[in-house]
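# Architecture and fold: a report
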Amino acid sequence: LKYPFSVNPIVIKPYRYLMSFVGWRLAAVAIGSLLLFGSRVSCDICFQEGRSATASKDARAHSLLEISGDAAEDSLADMSDGLTLLQLGVKHIKNSAAQECHLVAHHKTGTALAGMAGASMIAEIQTLSEQSLDVLIDAPWKTLGLAINPAMLHRTKPSCIAHFNRNPFEVLVSGYLFHRAGSEPRWLSCSFSSALNKSLKICPPDFKNGQMTVFCKESQMAYWDKLYSDGIAQVYMESREGVFADLLPDAKPEENFTEYLNRVDPDAGLVAQFIWAYNTTLAPMQFTNSYIQSGFQSCSLSVCYEDLMDNCNATWHRILQTWQVEEPQRSAMLRGAAGSCPGSEAAANKSELHSSRHKMELANLTSEPDYKLVSRARELD
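Residues numbered from 1 in each chain as written. Predicted model: local features only at pLDDT ≥ 70, side-chain atom pairs only at ≥ 80, totals over all residues. Heavy atoms only, no water.

### Thoughts on the overall build of the chain
Note the following rule: Put simply, DSSP marks the helices as runs of H or I at least four residues long and the strands as runs of E at least two long, and each gets a number from the N terminus on. Exposure is judged per residue with a 1.4 Å probe applied to protein chains only, and the accessible area is read against the type maximum: over 50% gives exposed, under 20% gives buried, and values in between give partly exposed. Accessibility throughout is a Shrake-Rupley quantity obtained with a 1.4 Å probe, and a residue counts as covered only by protein chains that appear here.
If you tally the helices and strands in the chain, you get 16 helices and eight strands. Out of the 381 residues belonging to the chain, those deemed buried represent 55%. Accessible area of the chain: about 16100 Å², with a carbon and sulfur share of 53%.

### Notes on the side chain of serine 191
We apply this condition: We define a polar contact as two N or O atoms separated by no more than 3.5 Å, with the added condition that, inside protein, one atom must be a possible hydrogen donor and the other a possible acceptor, whereas residues neighbouring each other in sequence contribute only through side-chain atom pairs.
Along the chain, the position of serine 191 falls in the loop between helix 6 (185–188) and helix 7 (192–199). A distance of 3.0 Å separates a polar atom in the side chain of serine 191 from a polar atom in the side chain of serine 193. Here the side chain of serine 191 touches serine 194 through a polar contact of 3.0 Å, side chain to side chain.

### Looking at the pattern of salt bridges
Defined as follows: Salt bridge criterion: a side-chain nitrogen from Lys or Arg within 4 Å of a carboxyl oxygen from Asp or Glu.
Inspection of every chain in the model, using the stated rule, returns eight salt bridges. Here arginine 186 makes a salt bridge to aspartate 225, at a shortest N to O gap of 3.3 Å. On the criterion of sequence distance, the pair formed by arginine 186 in helix 6 and aspartate 225 in helix 8 (residues 223–240) is long-range, its members being 39 residues apart. According to the relative accessible area criterion, aspartate 225 is buried, its value standing at 0%. Put simply, lysine 226 and aspartate 230 hold a salt bridge, and the shortest N to O gap is 2.9 Å. With a gap of four residues between them, lysine 226 and aspartate 230 both fall in helix 8, about one helical turn apart. By relative accessible area, aspartate 230 is classed as buried at 15%. Connected through salt bridges with shared partners, the residues Asp267, Arg376 and Glu379 form a single ionic network.

### A short note on the nonpolar core
For soluble globular proteins, nonpolar side chains are generally found buried alongside one another. To keep it simple, the criterion reads: Side-chain atoms within 4.5 Å are what join buried Ala, Val, Leu, Ile, Met, Phe, Trp, Tyr and Cys residues into a set we call a nonpolar core. Residues are treated as being in contact if the distance between any of their heavy atoms lies within 4.5 Å.
Phe192, Tyr223, Val235, Leu248, Phe257, Tyr260 and Trp276 are the most contacted members of the largest nonpolar core, which totals 59 residues. In terms of residues, this core owes the most to one element, helix 10 (residues 266–293), which gives 14 residues. Each residue touching phenylalanine 192, except ones within four places of it in the same chain, is listed here: Ile232, Val235, Tyr236, Ala251, Lys252, Pro253, Glu255, Asn256, Phe257 and Tyr260. Counting residues in each nonpolar core, the second largest holds 28 residues, with Cys101, Ala117, Cys299 and Trp323 among its members.

### What to know about helix 8
Short version of the rule: One fewer than the residue count of a helix, multiplied by 1.5 Å, yields its expected span.
Here helix 8 is 18 residues long and its end C-alpha atoms lie 26 Å apart, about the 26 Å a rise of 1.5 Å per residue gives. Within helix 8, 17 of the 18 residues are buried, which leaves the element mostly enclosed by the surrounding structure. In the stretch just after helix 8, glycine 242 is the one whose phi turns positive, near 115°.

### Some thoughts on the state of the cysteines
The cut-off we apply is this: Count a disulfide wherever a pair of cysteine sulfur atoms falls within 2.5 Å.
Evaluated as defined, the whole model comprises three disulfides. The disulfide partner of cysteine 203 is cysteine 216, and the S-S distance across this bridge is 1.5 Å. Of this pair, cysteine 203 sits in the loop between helix 7 and strand 6 (205–208) while cysteine 216 sits in strand 7 (residues 211–216), and the two are 13 residues apart along the sequence. For the pair shown, cysteine 203 and cysteine 216 are each scored as buried. Here cysteine 312 connects covalently by a disulfide to cysteine 341, the sulfurs 1.9 Å from one another. The chirality of the disulfide connecting cysteine 312 with cysteine 341 is left-handed, given an S-S dihedral of about -80°. Linking cysteine 312 in helix 12 (residues 312–323) with cysteine 341 in the loop between helix 13 (329–338) and helix 14 (345–354), this pair joins segments that are 29 residues apart in sequence. One exposure class covers both cysteine 312 and cysteine 341, and it is buried. A disulfide-free cysteine, cysteine 101 has its sulfur positioned 5.1 Å from the sulfur of cysteine 160, the nearest such atom.

### Regarding the packing of helix 7 against helix 8
Test applied: As a rule, the C-alpha atoms of each element are fitted with a line to give its axis, helices using only the stretch in contact, and angles between N-to-C directions run from 0 to 180 degrees. In a left-handed crossing the near helix is turned counterclockwise from the far helix by less than a right angle, and in a right-handed crossing that turn is clockwise. Ten residues, namely Ala, Val, Leu, Ile, Met, Phe, Trp, Tyr, Cys and Pro, are considered nonpolar, four, namely Asp, Glu, Lys and Arg, are considered charged, and the remaining ones, Gly among them, are considered polar.
Between helix 7 and helix 8, the least distance of the axes is 8 Å, while the angle of their chain directions is 115°. The two elements helix 7 and helix 8 cross, and the hand of that crossing is left-handed. On helix 8, the residues that touch Phe192, Ala195, Leu196, Lys198 and Ser199 of helix 7 are Lys226, Ser229, Asp230, Ile232, Ala233, Val235, Tyr236 and Met237. Partitioning the contact of helix 7 with helix 8 into residue classes produces eight nonpolar, two polar and three charged.

So far we have only geometry, and geometry alone does not tell us how the molecule works.
Here it is, written out as structure tokens:
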């Protein structure tokens, strides 16, 4: 596998061998876990999307797209075609000719930034019209952010994508610290044995009207929750046998991923984080970047997370230019996006609250500086 970044190849080389083991090992070890730990609580609540069992197919369509990051905590307004936007206190009247624009980030590549920028752009566009939105914006990390094939990126209407790439070594370090701090307890608090039990369930993504939804096919389970759970199960299996076993202390069935990362040394923690991140972040990031580079949409592009930090306004100008957004919407969206740039008060507050280092401080944890951990990840690679 070739990783399309201007850095040394990520830890894909040993993972080629891992992938030949994963299929049968996932089944064998998970079945064994059922025999050994079948009496344990399944912890399904950690890996389920909040959806009523009686929800209709039409109702499910309204969750087709979602705003991510900190913005996900805000309420959502459903629109008749299933597209969801942030509810910002203004009544939206659907414009059927509206342009769809997607800010596609992955776990630890800028989901909070994408959600904040999308919400701010929508707020600015709303000042131009009380009747409709001419540009519809979302940050669908639970759907497009997990795409590993063209079908998962497919949209039934013409749409444009701004894809957020990040140095994969920085992705690993940021995720390692974020998960050590237990920053997302909904799934990080679940034990390895629960994840192994969950891994037995088949969970292909569901599609509605040709577009990926956040749910598994014919299931109450969220696809992203299942993917995160499978990553935890893989860490357990690889700690027991396989090409990474010598680098990883054995995971305990009763402990969770956060407890494991805090028990092992940083080298083992970075390897475990890579195993978890491969299918949840690195593979989708690689696929989406390659697919956009292939030219499947002339109005789509990939941008570097670092550029959004160092040359933020210029990067957003390039995004809107590629999206071919016309005036006055372009200027309004640029004003909104600027609110997510470093140096703005809103960005400083939200970015700090969501940062891995801030989460570590809240958990009273310490570690080596990020640059040293990034260097160590390169050496491990």
